[in-house]
Amino acid sequence: MQTQTLDSLFQNKIFRIPDYQRGYAWGEHQIKDFWEDILQLHEDRMHYTGVITLEPLKKGECEKWVEDIWLVKNRGFKPYYVVDGQQRLTTALILIQTILQSVPKDSSLNFSSISNIEEKFIITQHETENELFQSYIFGYEKDNPSDEYLRTKIFNRYSTSNNHELTLYTKNLYKAKKFFLDELLKLDRSEIENVFTKLTQKMKYSIYEIEEDIDINVAFETMNNRGKPLTTLEKLKNRLIYLTTLFSNQNDNGSLRDDINNVWKTIYKYLGKNQDRPLDEDQFLRNHWIMYYDYSRNKKNAYIDFLLDDAFTSRRVLKDKVNPLTREEIIKYIYNLQESIKYWFYIHNPTMPSKTVKVTNDQSKVLEKLNNIGFKAFKPLILSAYTSNQEASKITDLLIEIERYNFCAFSLSRRRANTGDTEFYRNASELLLESRNIDSVIINVRNWCDEYFSKEKFLSYVQDKYELHYKEGFYRWDDVRYFLYEYEQYLKDKSKTNDKKLSWDELNTRKTDYISVEHIYPQTDTESYWQERFNIFNTYQKNLLTHSLGNLLALSRQKNSSLQNIGFDEKSKRNNISNNSVEYSNGSFSEISVSKYEEWTSNEILDRGMNMLKFMEERWSIELGDDNFKLKLLHLEFLDE
């Protein structure tokens, strides 16, 4: 092992990140540390940056690097795979590129022209009378989606395909470049040149070349990554690629390895497809494991141990005579992963159009509700229903029963968070394996809901909220926003209009300057309107009225908190046409509905509350008891007295 600077490392070499490696995974924390190391380095000292492990390619192995073979054969460049240290090396190359973009094209750095620096670190080319040869010095293998992005968006080079495919890793590349561009803007010309000098001549790496007799896949899996640990998904990919080398029949010419790479390419594409809300890869892998294999609740990370220590091991390929691992088993597994990730994405993003999955509009609506209220233990079962190609109407029925169960068992009855999870996990694998049909699963979910719904537990929960937690009753109900949103949708449907006056994100916001749920009769009732109508009640009774369900209102826009205490006669005006007014007649369907009351007293709070409970019964097919029980649930029994 020897130590080298970037300047000496990039001497007649080309580097590629192999297909078994992940993409660029560094986040803001690691990038800032890298930048600070450079800035704080004294110009008279060297900085040890870490290990870079390289695999020299054997003769003939780089033949598939069609664009680069001229460098190897005609210029004597040595080709290498970057086995470890690609995060640091990629970061360094991104910084070099941003430095080159930050100085005039006709200038120089350390007495080297910009064009010479580009040729050394970024791209080199040679033109003959008939052809232009050009190669990137550093990059990914050609079929990696990060390769095209690195060339076009990071290195700013023209591409005939112009395919800027976005993944979690390409997004990280963009963030790193933007960070460096922003930081370089703060520096003058001499400071930028100083950064370049430190980066290329003062940052030293330990360079280790793997010997030929060491299995590269095993080395990669056991290697300690100093920057950011490998995820389970990355380890699994490498393990599967390694196992393809152990099968005695090697007549597939690497097709299984290509299949694995293509499947992982699809997985990373969909994990990062929604850049605002990237999906967690471990959550996907765990939920897929629950669906695909027999679930057991023995420990938190059982899926990791199962996949890497039981399902996909060299022992099963080489020694297991009872249950040997075959190519067919790997192929079946990876293709189910590929199909599942598409539905996994759509389950979490039901409003985003997709041509790759079969999801009806009715299903999208229920999936949107499940994203609002939470999926609980049902993601594997939903995934199973889609990947086992169940009838569309049956999937819709299943989704409806799942949403009903989650609201009734958890939002109302306050059951333990893991209630039913083992049962529904088992249903997921049974449905996929066709040992249970979807009708039976639907009935099972429905029966569990009927068994675990309890109006008494809901009453007890609300009582606790009045007595133990801030004394704010329904206002402190964890799922009050979900209920109010569903009530809003009910009123919208009754209005027979397609107008959407209230979005879930708007209602569910937790920003302190945005009041999404209002007390119609306010907590501070100093206005004469409220004094005249509510002074007959004592302080305790006023509090019960204030936080009763019928007094809570979903707002469609930001309200000025100083205006919330005004009288109902002002709030409910219908003659103000200003879009910025606080009147209910300009707001959500819920606000419009409230504005139709002539006034707001305890009678209206009771009337609206009873109507909302009736809606709850019809919407989720439950019974909340007679009027006396509902009066008790609303905590307004004293009105009857």
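Residues numbered from 1 in each chain as written. Predicted model: local features only at pLDDT ≥ 70, side-chain atom pairs only at ≥ 80, totals over all residues. Heavy atoms only, no water.

(A) Structural view of the overall build of the protein. Within the protein, the regular secondary structure consists of 30 helices and twelve strands. The proportion of buried residues among the 641 residues of the protein is 54%. Sequence separation of at least 24 residues holds for 73% of the intrachain contacts in the protein that already meet a minimum separation of 6. Total accessible area on the protein is roughly 30,400 Å²; 44% of this is exposed by carbon and sulfur atoms. (Helix = DSSP H or I, 4+ residues; strand = E, 2+ residues; numbered from the N terminus. Buried < 20%, exposed > 50% of the residue type's maximum accessible area, 1.4 Å probe, protein only. Contact = heavy atoms within 4.5 Å. Areas by Shrake-Rupley, 256 points an atom, 1.4 Å probe, with all protein chains shown as cover.)

(B) Looking closely at the packing of helix α18 (residues 392-412) against helix α20 (residues 438-452). Between α18 and α20, the shortest axis-to-axis distance is 9 Å and the interhelical angle comes to 15°. One finds that α18 runs roughly parallel with respect to α20. Viewed along their axes, α18 and α20 form a crossing whose handedness is left-handed. From α18, Lys 394, Ile 395, Asp 397, Leu 398, Glu 401, Ile 402, Arg 404, Tyr 405, Cys 408 and Ala 409 reach across to α20, where they touch Ile 438, Asp 439, Val 441, Ile 442, Val 445, Arg 446, Trp 448, Cys 449, Asp 450 and Tyr 452. Classifying every residue of the contact of α18 with α20 by side-chain character gives 13 nonpolar, no polar and seven charged. (Axes fitted to C-alpha atoms, helices over the stretch in contact; angles between N-to-C directions. Parallel < 35°, antiparallel > 145°, perpendicular 65-115°, else oblique. Left-handed = near helix turned anticlockwise from the far one by under 90°. Nonpolar A, V, L, I, M, F, W, Y, C, P; charged D, E, K, R; others polar.)

(C) Representation of the packing of aromatic side chains. Going through the model one piece at a time under the given rule, you end up with 51 aromatic pairs. Arranged with centres 6.1 Å apart and planes meeting at 45°, the rings of Phe 407 and Tyr 482 form a pair that is tilted. Note that Phe 407 is positioned in helix α18 and Tyr 482 in helix α22 (residues 480-495), a separation of 75 residues in sequence. An aromatic cluster of at least three residues, connected via ring pairs, comprises Phe 407, Phe 458, Phe 474, Trp 477, Tyr 482, Phe 483, Tyr 485, Tyr 487, Tyr 490, Trp 504, Phe 615 and Trp 620. One cation-aromatic arrangement involves Arg 16 over Trp 65; the distance from NZ or CZ to the ring centre is 5.6 Å. Sitting over the ring of Tyr 529, Arg 533 keeps its end group 3.6 Å from the ring centre. (Phe/Tyr/Trp six-rings, centres within 6.5 Å; stacked < 30°, edge-to-face > 60°. Lys NZ or Arg CZ within 6 Å of the ring centre and 35° of its normal.)

(D) Region of interest: the side chain of Ser 595. Inspection of the secondary structure puts Ser 595 in helix α27 (residues 589-595). Overall, Ser 595 belongs to the buried group, its relative accessible area being 4%. Among the polar contacts listed, one links the side chain of Ser 595 to the backbone oxygen of Ile 592, at a separation of 2.6 Å. (Polar contact = N/O pair within 3.5 Å; in protein donor to acceptor, adjacent residues only side chain to side chain.)

(E) Representation of helix α12 (residues 281-292) within the structure. Counted at 1.5 Å a residue, the expected span for α12 with its twelve residues is 16 Å, and the 16 Å between its end C-alpha atoms agrees. In terms of burial, α12 is largely enclosed, as nine of its twelve residues are buried. The set of residues buried in α12 consists of Glu 281, Phe 284, Leu 285, Asn 287, His 288, Trp 289, Ile 290, Met 291 and Tyr 292. Structurally, the start of α12 carries an N-cap: the backbone nitrogen of Asp 282 is 3.0 Å from a side-chain oxygen of Asp 280. (Expected span 1.5 Å × (residues − 1).)

(F) Representation of the side chain of Glu 401. Within the element layout of this structure, Glu 401 appears in helix α18. On the basis of relative accessible area, Glu 401 is assigned to the buried category, the value being 10%. Those residues in contact with Glu 401, other than ones at most four positions away along the chain, are Ile 442, Val 445 and Arg 446.

(G) View of the confidence of the model for the protein. When pLDDT is averaged along the protein, the result is 88, and 90% of the positions lie at 70 or above. Per-element confidence in the protein is highest for α20, whose mean pLDDT is 98, and lowest for helix α9 (residues 216-222), whose mean pLDDT is 56. Note on residues 574-580: pLDDT is under 50 here. Beyond four places in sequence and across chains, it has eight contacts. (pLDDT = per-residue confidence, 0-100.)

(H) Seen up close, the nonpolar core. In this structure, Trp 264, Phe 312, Trp 477 and Met 616 are the most contacted members of the largest nonpolar core, which totals 135 residues. Excluding its chain neighbours within four sequence positions, the residues that come into contact with Trp 264 are Leu 233, Leu 236, Lys 237, Leu 240, Ile 334 and Leu 337. Counting 60 residues, the second-largest nonpolar core is a separate cluster that includes Leu 89, Leu 100, Ile 114 and Tyr 205. (Core = buried A, V, L, I, M, F, W, Y, C linked by side-chain atoms within 4.5 Å.)

(I) Broad picture of the pattern of salt bridges. Here the structure, examined in full by the defined rule, presents 31 salt bridges. The partner of Lys 178 in a salt bridge is Asp 182, with the nearest N and O atoms 3.0 Å apart. Here Lys 178 and its partner Asp 182 are both found in helix α7 (residues 168-184), four residues apart, which amounts to about one turn of the helix. Between Arg 404 and Glu 401 there is a salt bridge whose closest N-O contact spans 3.8 Å. With Arg 404 and Glu 401 both in helix α18 and three residues apart, this pair spans about one turn of that helix. Take Arg 404 and Glu 401: they sit in the same class, and that class is buried. Ionic contacts of the salt-bridge type, sharing partners, join the residues Lys 369, Glu 403, Glu 486 and Arg 619 into one network. (Salt bridge = Lys/Arg side-chain N within 4 Å of Asp/Glu carboxyl O.)

(J) Fine view of helix α6 (residues 145-154). Of all ten residues that make up α6, nine are buried, and the element is covered over most of its length. Looking at α6, one finds that the buried residues are Pro 145, Ser 146, Asp 147, Glu 148, Tyr 149, Leu 150, Arg 151, Thr 152 and Ile 154. Packing partners of the buried residues in α6 comprise α4 (86-102), β8 (132-136), β9 (138-140), α7 and α11 (255-271). Remark: Asn 156 follows α6 within two positions and exhibits a positive phi of approximately 60°.

(K) Region of interest: unusual backbone geometry. Within the chain, Asn 110 stands out as a residue other than glycine whose phi angle is a positive 55°. Along the chain, Asn 110 turns up in the loop between β5 (108-109) and β6 (112-113). Exposure remark for Asn 110: the relative accessible area of 22% places this residue in the partly exposed category. Phi is positive for Lys 496, close to 55°, though the residue is something other than glycine. Relative to the helices and strands, Lys 496 is located in the loop between α22 and α23 (504-507).

(L) Structural context of the environment of Ile 443. When you line up the elements, Ile 443 lands in helix α20. By relative accessible area, Ile 443 is classed as partly exposed at 43%. Considering only alpha carbons, one finds Ile 443 and Leu 398, 45 residues apart in sequence, at a separation of 8.8 Å.

(M) Region of the structure containing the packing of α12 against helix α15 (residues 327-348). It is the contact of α12 with α15, at a shortest axis distance of 11 Å, that shows an interaxial angle of 120°. With respect to α15, the element α12 is oriented oblique. With respect to the hand of their crossing, α12 and α15 are arranged in right-handed fashion. Judged by residue contacts, Gln 283, Phe 284, Leu 285, Asn 287, His 288, Met 291 and Tyr 292 of α12 engage Lys 332, Tyr 333, Asn 336, Leu 337, Ser 340, Ile 341 and Trp 344 from α15. In terms of residue class, the contact of α12 with α15 is built from eight nonpolar, five polar and one charged.

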